[in-house]
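Here is what each chain is made of, one letter per residue.
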Amino acid sequence: MSSSSQPALRLQKVERVYRTAAGDLPVLRGADLALYPGELVALVAPSGAGKSTLLHLAGLLERPDGGDVYIAGTAAGGLDDHARTALRRTEIGFVYQFHHLLPEFSALENCVIPQMIAGLSRQEASERARQLLAYLRIDQRAEHRPAELSGGEQQRVAIARAFANAPRLLLADEPTGNLDPKTSDRVFEAFATLVRETRLAGLVATHNLALAARMDRTVTLREGLIVPYEDG
Ligand code: ADP
Ligand code: MG
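Since we're looking at a predicted model, the values are computed, not measured. (Residues numbered from 1 in each chain as written. Chains lettered and ligands numbered in written order. Predicted model: local features only at pLDDT ≥ 70, side-chain atom pairs only at ≥ 80, totals over all residues. Heavy atoms only, no water.)

Asker: Whenever I open this one, the packing of aromatic side chains confuses me. Can you help?
Answerer: For any pair of aromatic rings, the description rests on two quantities: the centre-to-centre distance and the angle between the ring planes. Per the stated rule, a full pass over the model turns up 3 aromatic pairs. Considering the side-chain rings of Phe-163 and Phe-191, the 6.3 Å spacing of their centres and the 80° angle between planes classify their relative orientation as edge-to-face. A residue pair is termed long-range when its members are at least 10 positions apart, and Phe-163 in helix α5 (residues 151–164) and Phe-191 in helix α6 (residues 181–198) qualify at 28 residues. There is no split in this pair, since Phe-163 and Phe-191 are both buried. Taken together, Phe-163, Phe-188 and Phe-191 form an aromatic cluster joined through their ring pairs. (Phe/Tyr/Trp six-rings, centres within 6.5 Å; stacked < 30°, edge-to-face > 60°. Helix = DSSP H or I, 4+ residues; strand = E, 2+ residues; numbered from the N terminus. Buried < 20%, exposed > 50% of the residue type's maximum accessible area, 1.4 Å probe, protein only.)

Asker: I keep staring at the site of ligand 1 and nothing clicks. Help me out?
Answerer: Residues in close proximity to ligand 1 include Tyr-18, Thr-20, Leu-25, Val-27, Pro-46, Ser-47, Gly-48, Ala-49, Gly-50, Lys-51, Ser-52 and Thr-53, which together make up its full environment. Separating an oxygen atom of ligand 1 from a backbone N or O atom of Ser-52 is a distance of 2.9 Å. Against a free-state accessible area of 560 Å², the protein chains account for coverage of 60% of ligand 1. Broken down by secondary-structure element, the contributors of at least two residues to the shell around ligand 1 are β1 (9–20), β2 (23–35) and α1 (51–58). (Near = heavy atom within 4 Å. Polar contact = N/O pair within 3.5 Å; in protein donor to acceptor, adjacent residues only side chain to side chain. Areas by Shrake-Rupley, 256 points an atom, 1.4 Å probe, with all protein chains shown as cover.)

Asker: Hey, could you run me through the pairing of strand β3 (residues 40–43) in this one?
Answerer: Taking every second residue as pointing to the same face, both faces of β3 are buried, with Leu-40 and Ala-42 on one and Val-41 and Leu-43 on the other. Here β3 runs beside strand β8 (residues 201–205); their pairing, made up of 4 bridges, is parallel. Paired with Leu-40 across the bridge in β8 is Gly-202. (Pairing = 2+ DSSP bridges.)

The following block contains the structure:
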């Protein structure tokens, strides 16, 4: 981690208020965060605290009600939807609790499609997809559809897909929350190694304190702000 380099992600005084029938629900009230290349940060907070909201804003899937999100120095607030989508496709990878793979396509195709959308040829995309699947030790399952894979294998394919476009920022929302402890451990290990080797920045929402302890630092949400996590 180099603090002199530009953050892959910066949240600056980010606010998010859900307008509900029962009244306004402020979830984020000026959240600040800087995430540097090569840094893997755990976001640990109780259910309902706003972890998914934060990841959606960081991933440019939603717009904040106040403040701004910077991806590799670019302020997202000033961009139109087309430019936001382009930035998301090239710079950001997502891993969700449930894999969200396309059910009618093979593991390999699930990793190839996003790269072809980003403009790579099928051959280039296939080569990179095979490398990633091999790295995650599921290349022998490359031609299987998601339904023909175990939960741990599905999640490794989802990780390969998230890395396929060589993003600068990887956002994971309880990526191992659906797996048994042993599988969770293996999947996390592969994920963490990939993050570190590619020097991207990773933000991982998790309830698993043992996984959080293996990351570089842990933050939590308190009253709509991001603060360092302290035990007890
Ligand atoms: P977490 O991921 O930490 O469990 P979320 O970000 O999903 O938390 O939700 C934070 C709070 O905002 C919760 O109280 C949730 O009920 C509420 N919330 C989330 N999405 C919406 C929405 N689209 N409309 C209204 N309230 C929402
Ligand atoms: Mg959530």
